[in-house]
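# Reading the structure
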Amino acid sequence: TLVWYLVDAIAKGKPFLASETRQANVLYVTEQNEVSFRHEAGSIQGFRDNPNIFILLPEYNPIDVRSWEGRIKFWNDKIIATQSNILVIDTFGSFAGLPPGGENDSACISDRMMLLKELYKPRSSLGIILVHHIRKPSADPRNAQKDFADLRDARGSTSIVGSVDHCVMLSKNTGFGQDRVRNIHIEGRFAPESKFFIELKHKGY
């Protein structure tokens with residue numbers, strides 16, 4: 001939901017969380033089928049009708065595109081066709097075609113990431129957003145007071161977070177309004193580390 005609001009703002013060139021955005025077309029690759037996606041995205045006013053967001057549902061992928069390399073080539077063609085500057089892959093694990101145990105194999109993850117970065121070659125202005133899961137909260141009492149997720153909470157190999165420029169880690173807020181409030185922890189190469197919380201209201205975050 002956070003990514004949906006973010007790319008909706010970018011596609012319209014409107015501010016997001018009090019920060020200005022630069023308008024860009026967005027190619028959104030989702031693991032959800034059409035019924036599920038329409039149902040969940042329907043809560044965001046105007047999102048499904050945004051002419052600058054192009055939704056690529058799994059049922060519209062070519063039957064013969066099953067490999068990670070094949071998917072990247074297919075996405076590259078769609079980026080060109082839609083003139084998109086933002087590619088969202090939701091989720092990385094659903095499309096990477098990892099072998100059993102591959103999510104925890106740093107060499108396997110690094111290989112997938114290097115292949116994905118081929119998309120940058122013909123275009124320096126492309127932004128790629130990878131949606132990835134964090135581990136479920138541990139029953140370890142030492143983590144009971146942990147409010148914000150960190151890099152170690154990303155599921156699988158540390159190569160996943162080590163291969164990207166910025167990590168935006170979202171975790172549940174245990175305080176008042178926990179169904180609408182989320183903790184955000186950002187770490188990256190080009191900006192200071194920061195922690196804050198956001199609240200989802202009727203018109204957005």
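Counting restarts for each chain, with residues numbered from 1 along the sequence as it is written. Local features in this predicted model are restricted to residues of pLDDT 70 or higher, and side-chain atom pairs are both shown and tallied only at a pLDDT of 80 or more, whereas totals for entire chains, interfaces and linings draw on every residue. In computing side-chain properties, one takes all heavy atoms of the structure into account and sets aside hydrogens as well as water.

## Regarding the pairing of strand S3 (residues 86-90)
The buried count for S3 comes to 5 of 5 residues, which makes it a mostly enclosed element. For two strands to pair, DSSP has to find at least two bridges joining them. Put simply, DSSP H or I for four residues or longer makes a helix, DSSP E for two residues or longer makes a strand, and each gets a number counted from the N terminus. Here strand S1 (residues 26-30) runs beside S3; their pairing, made up of 5 bridges, is parallel. What sits directly across from Tyr-28, in S3, is Val-88. Two strands pair when backbone bridges link them, and S3 and strand S4 (residues 127-131) are joined in this way by 5 bridges, in the parallel orientation. Opposite Ile-86, over in S4, you have Gly-127 as the bridge partner. Burial here depends on accessible area, computed with a 1.4 Å probe over protein chains only, as a share of the maximum for the residue type. Under 20% is buried, over 50% is exposed, and the range in between is partly exposed.

## Some points on unusual backbone geometry
Trans is the prevailing form of peptide bonds, just as negative phi is the prevailing case for residues other than glycine. Of note, the amide linkage connecting Asp-90 to Thr-91 takes the cis form, showing an omega dihedral of 5°. Summarising the element assignment, Thr-91 is placed in the loop between S3 and helix H4 (92-95). You will see that Ala-18, though not glycine, has its phi angle at about 65°, which is positive. Note on placement: Ala-18 falls in the loop between helix H1 (2-12) and S1. Not every positive phi belongs to a glycine, and Gln-83 is a case in point at roughly 55°. Within the secondary structure, Gln-83 sits in the loop between helix H3 (68-82) and S3.

Just distances and angles here, no functional claims.
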